[in-house]
Amino acid sequence: MGFFNATVVSWMIFLPLAGIPFLLFAKSDRAARWIALAATLVAFLVSLHLPFHFDNAQGGFQFLQQHAWIPAFHIHYLVGVDGLSLWLSVLTTFLSVLGVAVSWKAITKNVTAFFVMLLLLETGMLGVFCSVDLFLFYVFWEITLVPMAFLIGIWGHERRLYAAVKFFLYTMAGSVLMLGSILWLYNLSGTFNFIHIKAALASGALALSPATQLWLFLGFFIAFAIKVPLFPFHTWLPDAHVEAPTAGSVLLAGVLLKMGPYGMLRFNLELFPQAARVCAPWIVALGLIGIIYGALVAFVQPNMKKLVAYSSVSHMGFIIVGVFTFSLIGTQGAIYQMLNHGISTGGLFILVGMLYERRHTFELSEYGGIATVMPIYAAFFVWIVLSSVGLPLLNGFVGEFLIMLGTFTAAVAHAHLYAILAALGVILGALYLLHWTRLTIWGELSNAKNKLLADLDGRELAVLASIALLTLVMGLASPYFLNKTQATTAAAVAAYQPPPVAPALSASLHGARP
Amino acid sequence: MSLHLWIIPLLCFTGFAANLLGGRRWSDRVAGAVGVAFVAAAFGYACWVAAQWSAIPHPYLETHGLWLQAGALSVPFGFQLDQLSLVMLLIVTGVGLLIHIYSLGYMHGEGGFYRFFALLNVFMFFMLTLVLANNYLLMFIGWEGVGFASYMLIGFYFHKDSASRAGMKAFIVNRIGDFGFLIGLFLIFTYFHTFTFTQLFPQVEKLGVEAGWTGPLTLIALLLFVGATGKSAQIPLYVWLPDAMEGPTPVSALIHAATMVTAGVYMVSRSAAIFDRAPDALSVVLAIGALTALWAASIGLLQRDIKKVLAYSTISQLGYMFMACGAAMYGAGVFHLMTHAFFKGLLFLGAGSVIHALHGEQDMWAIRRGSPGGLRKYAPVTFITFLIATCAISGIPFFSGYYSKDLILYDVLTGAHGSVLWWAVGTVAALMTSFYMFRALFVTFFDGGSHADTAAHAPGPHAGHGEPHLPHESPKLMTVPLMILGFLALTGGYIGIGDRFGHFLDPVFATGVPALASHPIAGGELTVSAISVGMALLGLFTAWLFYIKSPALPEKLGRSFHGLYTLIFNKYWIDELYGAAITRPLAAFSRTVLWRGVDVGLIDGAVNGVATLAQDAGEGLRRQASGNIRSYATWVVLGATAILVYFYFGGARV
């Protein structure tokens, strides 16, 4: 087991890649599907090794593996996971399996190439979360870009090329800035090793002037903000989602967007605490705008895939607010919400995709009364919508509640106001999601084209059931998940905790009449 | 000893899961039996728990692991049984069981039978979680969960657009209330670092009574009450409850009369320690309760749909319960909560039986026309039980409602936070209550005679069928629950005689604020009672005069007071006001300004503008700006390599 512990992260990252040669020799589309499923399933099973052997008490990286890669530039192949990347890795391998499953019948052209892209994407995403070397991180970051752009551009819908280029340019613009920051940081520190840089910054061996810190911070931040996407950098998202095939949307919303807040927590918060504090009010303001703005715009969308896309802008806003108010509870909530959003919104896109496979349209006006012909589908629809709405006992509530409670009690200015504005998003979330539900599955089945729609088949049932089950488990047993992230989170926010003061309780309650 | 309280909600959840997973393949008989059996087991278990009362500490506590944990926050799956939760437990499981049995008959032959019982079961699960929770956050699970069950059951006939709209409205309006509830919870955690009642209230009880509006306890109390106005349909968030009548009638009885809508009263009573120290918040609760009681009762006066009458009546009666809370007499509120569960549950089930008898007719005048000689002849059990419930809600002496409503009015008059003004408002509302309920009784069950006023009114949807189906009495499955509830509506008030019920609850509400004792008036009890009874009889008499004796009278009055009549008949146009002031502007703003303006116009316009600019920026650059992904990647790699090479060979080191 010792050997496996030392290499498990690499196994996980590269197992999907190892499926690609097999795919190239696949004799039929059918074989290609099964190979892709096998590769993602094995990667998923391997990733499950991590939570079972993870030391909850330890805040730093575990399962570290290091090899020199390009010694001339001190670039190492250095991978590992900590509390922050642990569950995101498992989320990635899980959603990749679903990505294969939902493409089973939907993808009929260039099947082999499609799954090559999907597996390449999975390796890229896992690499992003597990890289502890900044250059390696950047390489994986860029690797994710290419297959996703191809997934949209080749297997997408009508305006796929426009969407693919927009996605690519937007993200590329951010990546370039991040690359600049990474190289500058290397220039200053002489290393790409994240652990060394962090230690050097913490010990004062590497001292950055406030201006330097701010520019480095912004270089990283803009790349991540585009990825989140944070208002106003979000307009690539609706187009990318509408045009992407279902698997692309699931992985885009479920995993790629998470690379944004992941990067912010990993680099912006851990490396540049002063700059983070300076910029936080602006960032939180953008997050809050995103929560409300995204919800309102989602509410008026006539296209259901755009509706879900804008809902992501709203939900991701919560995560940003949780991260940039620097409280332990809020950050834990943000991490949980990253997982929740991956599962719930991934589920919503799968639901949309299943309707699209049957009717080839995303227009809300084409639907209505679907519960009459697809009752099992409707049950899952309601379930997953409720998870996204944040119904207690399902996963979404835990994340949102912790974020709002953490924000409310955070030691930053205007904390109460932030939490109250965020809580408005909870009302609006119910508004647009139930509005969508009503227009899609409730009502009279008036459109003749919908009268003969088939309910879920076994494969679809398995996909949705696994999501529904996860939303329940994560809603009931959040301590199991969060206990593994707490040590890392506590270390990350430790730099932001104010010196202890007399509790607010005594101050304001003593004003009361005895 | 351990009571294993968790079994009670879990039994109901098991029923839900069973019907969810297996119900589609089962016959209605099996699905219904499963639904009823698990609730019956829960009721049986609740009775066993009640029988252990003398052997357990009060409050009895048990916890089973953690639900939430992060930083200083730690929320257990914890349950609590004290006097208050015991009362709620028995009401919810008892009335719930009766309504489940009734539903076997009422829903017979309806599509989605198993779905109905699955949802009723899951409602019971959440409602029991709500009343048994030992902390606010677990209570919030139940609180939101019953809202979800309500959403699904209001929209049970989902093919009807009005039903799915009503379900959504209920959920959204409740979410607005929950927004306040949530902020209140955040404040609680900020000041007391816990959500658990037994850790929170002892801290609260050490604090003094607050003066003014801005004290933390007052803020917390007001925010919690915002949540209560949503769930318990008080001004200004009551608008969802009348629409909720789109749901099947047993749902209206169980959720929108007997149990869920009283959750706000339960929550405020549970928070007595906080409210007692927030006199200004209590004043708000009292005022909102009294105004809602009057406002909703006045709308009830002119409703034609029997379920709408009962809906506004429920809003009004919930107002009474909040009046009691506002007077810091929570025991009286809970007492009325209980009697109301009996008589209003019965009224709804009776209405359901009538609707069943007339094949879906809900317009009271159409019911009258469809029952030549008076419906009471065709459906005697329904009539007698409906009569009992009407007497109970109107406050006719010796019926249950008489005891609880009287106690509230007396407490409002004499309590430390009470006042003559709100007592008078409550008394006028009582007059209206008696009138609209006897009006409903007379119009529904008594023959209009040949001189009936029916011609003046538009025919109901089912009119014009001739008389092929005469009304009929409902089957035993429905009439037996009616009879049991009839017995309870008649006698349920007797446990309050000599304030025995109040004394039983006292330990929960004794929060250590001595100033809250009431100031009895010599002979006051009798005077207040006499006035109340007078109001009840006056209402009865007027209804008799208008709808039996001289049916032309109400129309004449309506013409004389045309403006007032129109105003009330249209429910003060509150729905229209909300629509014009909030809903429609919000959608229009989102569509035109935010989406088309900011998103597509401004941001995307700028992005595309930059792209176009880049395209025009020259021959050399044009090729790279054309969106060729490979060339971009090449440039990035080349650029990065160049920078790296520069740093390696020539770059300065720190």
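Scope of this entry: the structure provided in the associated data block. None of these values were measured; they are calculated from a predicted model.

## Digging into the packing of helix H11 (residues 263-270) of chain B against helix H14 (residues 306-326) of chain B
All names here are of chain B.
Part 1: Close contact between H11 and H14 brings their axes to 10 Å; oriented N to C, the two are set at 5°. For the element pair H11 / H14, the angle class is roughly parallel. Seen from H11, the contacting residues are Gly 264, Val 265, Val 268 and Ser 269; seen from H14, they are Leu 318, Met 321, Phe 322 and Cys 325.
Part 2: Residues of the contact of H11 with H14, tallied by class, amount to six nonpolar, two polar and no charged.

## Some thoughts on the pattern of salt bridges
All names here are of chain B.
Part 1: Taken as a whole and assessed by the stated rule, the structure comprises 18 salt bridges over all chains.
Part 2: In this structure, Glu 144 engages Arg 175 in a salt bridge whose closest nitrogen and oxygen atoms are separated by 2.9 Å. Placement of Glu 144 in helix H5 (residues 136-154) and of Arg 175 in helix H6 (residues 161-192) is noted, with a sequence separation of 31 residues between them. In this pair, the class of Glu 144 matches that of Arg 175, namely buried.
Part 3: Here Glu 555 and Arg 559 are joined by a salt bridge, their closest N and O atoms 3.3 Å apart. Highlighted residues: Glu 555 and Arg 559, both in helix H24 (residues 553-560), separated by four residues, approximately one helical turn.
Part 4: The partly exposed category is assigned to Glu 555, whose relative accessible area is 34%.

## Some remarks on helix H3 (residues 83-106) of chain B
Part 1: Its 24 residues give H3 of chain B an end-to-end C-alpha distance of 34 Å, which sits within 8% of 34 Å, the value for a rise of 1.5 Å per residue.
Part 2: The buried fraction of H3 of chain B amounts to 22 of the 24 residues, a majority that puts the element mostly inside the structure.

## As for unusual backbone geometry
Part 1: At the junction of Phe 231 of chain A and Pro 232 of chain A, the peptide bond is cis and its omega measures out at 0° in the coordinates.
Part 2: Relative to the assigned elements, Pro 232 of chain A resides in the loop between helix H8 (210-227) and helix H9 (236-243).
Part 3: Of note, the bond from Ile 235 of chain B into Pro 236 of chain B is cis; its omega dihedral lies within 30 degrees of zero at 5°.
Part 4: Looking at the element boundaries, Pro 236 of chain B is found in the loop between helix H8 (216-231) and helix H9 (240-243).
Part 5: For Ala 233 of chain B, which is not glycine, the phi dihedral falls at a positive 50°.
Part 6: Looking at where Ala 233 of chain B falls in the secondary structure, it is placed in the loop between H8 and H9.
Part 7: The phi dihedral of His 359 of chain B is positive, around 55°, even though this residue is not glycine.
Part 8: Along the chain, the position of His 359 of chain B falls in the loop between helix H15 (330-357) and helix H16 (364-369).
Part 9: Relative accessible area serves as the criterion here: at 41%, His 359 of chain B is assigned to the partly exposed category.

## Concerning the nonpolar core
Part 1: Phe 324 and Trp 436 of chain A together with Leu 81, Tyr 136 and Phe 195 of chain B are the most contacted members of the largest nonpolar core, which has 425 residues in total.
Part 2: The greatest single-element share of this core, amounting to 17 residues, is contributed by H6 of chain B.
Part 3: The contacts of Phe 195 of chain B, once residues within four sequence positions are left out, are Phe 401 and Leu 405 of chain A together with Leu 73, Val 75, Asn 134, Asn 135, Tyr 136, Leu 137, Leu 185, Ile 188 and Phe 189 of chain B.
Part 4: With 20 residues, the next largest nonpolar core counts Ala 290, Met 323, Ala 324 and Tyr 410 of chain B among its residues.

## Observations regarding the pairing of strand E2 (residues 73-81) of chain B
Residue and element names in this part refer to chain B.
Part 1: With respect to burial, E2 is a largely interior element, eight of its nine residues being buried.
Part 2: Where strand E1 (residues 60-70) and E2 come together, eight bridges link them in antiparallel fashion. For Leu 68, the partnering residue across the bridge sits in E2 and is Val 75.

## A few points about the layout of surface pockets
Part 1: Each pocket or cavity is described by its volume, and for the second largest pocket that value is around 1,300 Å³.
Part 2: Lining the second largest pocket are 43 residues; nearest its centre among them are Ala 379, Phe 380 and Trp 383 of chain A together with Phe 16 and Leu 20 of chain B.
Part 3: If you list the elements that add at least two residues to the lining of the second largest pocket, you get helix H15 (370-373), helix H16 (375-389) and helix H19 (458-476) of chain A together with helix H1 (7-22), helix H4 (113-132) and H5 of chain B.
Part 4: Counting residues per element, the lining of the second largest pocket draws most heavily on H16 of chain A, which supplies eight residues.
Part 5: Residue composition of the lining of the second largest pocket, by class: 35 nonpolar, four polar and four charged.

Reading guide: rules and limits
- Residues numbered from 1 in each chain as written.
- Chains lettered and ligands numbered in written order.
- Predicted model: local features only at pLDDT ≥ 70, side-chain atom pairs only at ≥ 80, totals over all residues.
- Heavy atoms only, no water.
- Axes fitted to C-alpha atoms, helices over the stretch in contact; angles between N-to-C directions.
- Helix = DSSP H or I, 4+ residues; strand = E, 2+ residues; numbered from the N terminus.
- Parallel < 35°, antiparallel > 145°, perpendicular 65-115°, else oblique.
- Contact = heavy atoms within 4.5 Å.
- Nonpolar A, V, L, I, M, F, W, Y, C, P; charged D, E, K, R; others polar.
- Salt bridge = Lys/Arg side-chain N within 4 Å of Asp/Glu carboxyl O.
- Buried < 20%, exposed > 50% of the residue type's maximum accessible area, 1.4 Å probe, protein only.
- Expected span 1.5 Å × (residues − 1).
- Core = buried A, V, L, I, M, F, W, Y, C linked by side-chain atoms within 4.5 Å.
- Pairing = 2+ DSSP bridges.
- 1 Å grid on protein atoms, 1.4 Å probe; cavity = no way out; pocket = protein on both sides within 12 Å on 5 of 7 lines; lining within 4 Å.
- Points joined across faces, edges and corners; volume = space filled by probe spheres on them.

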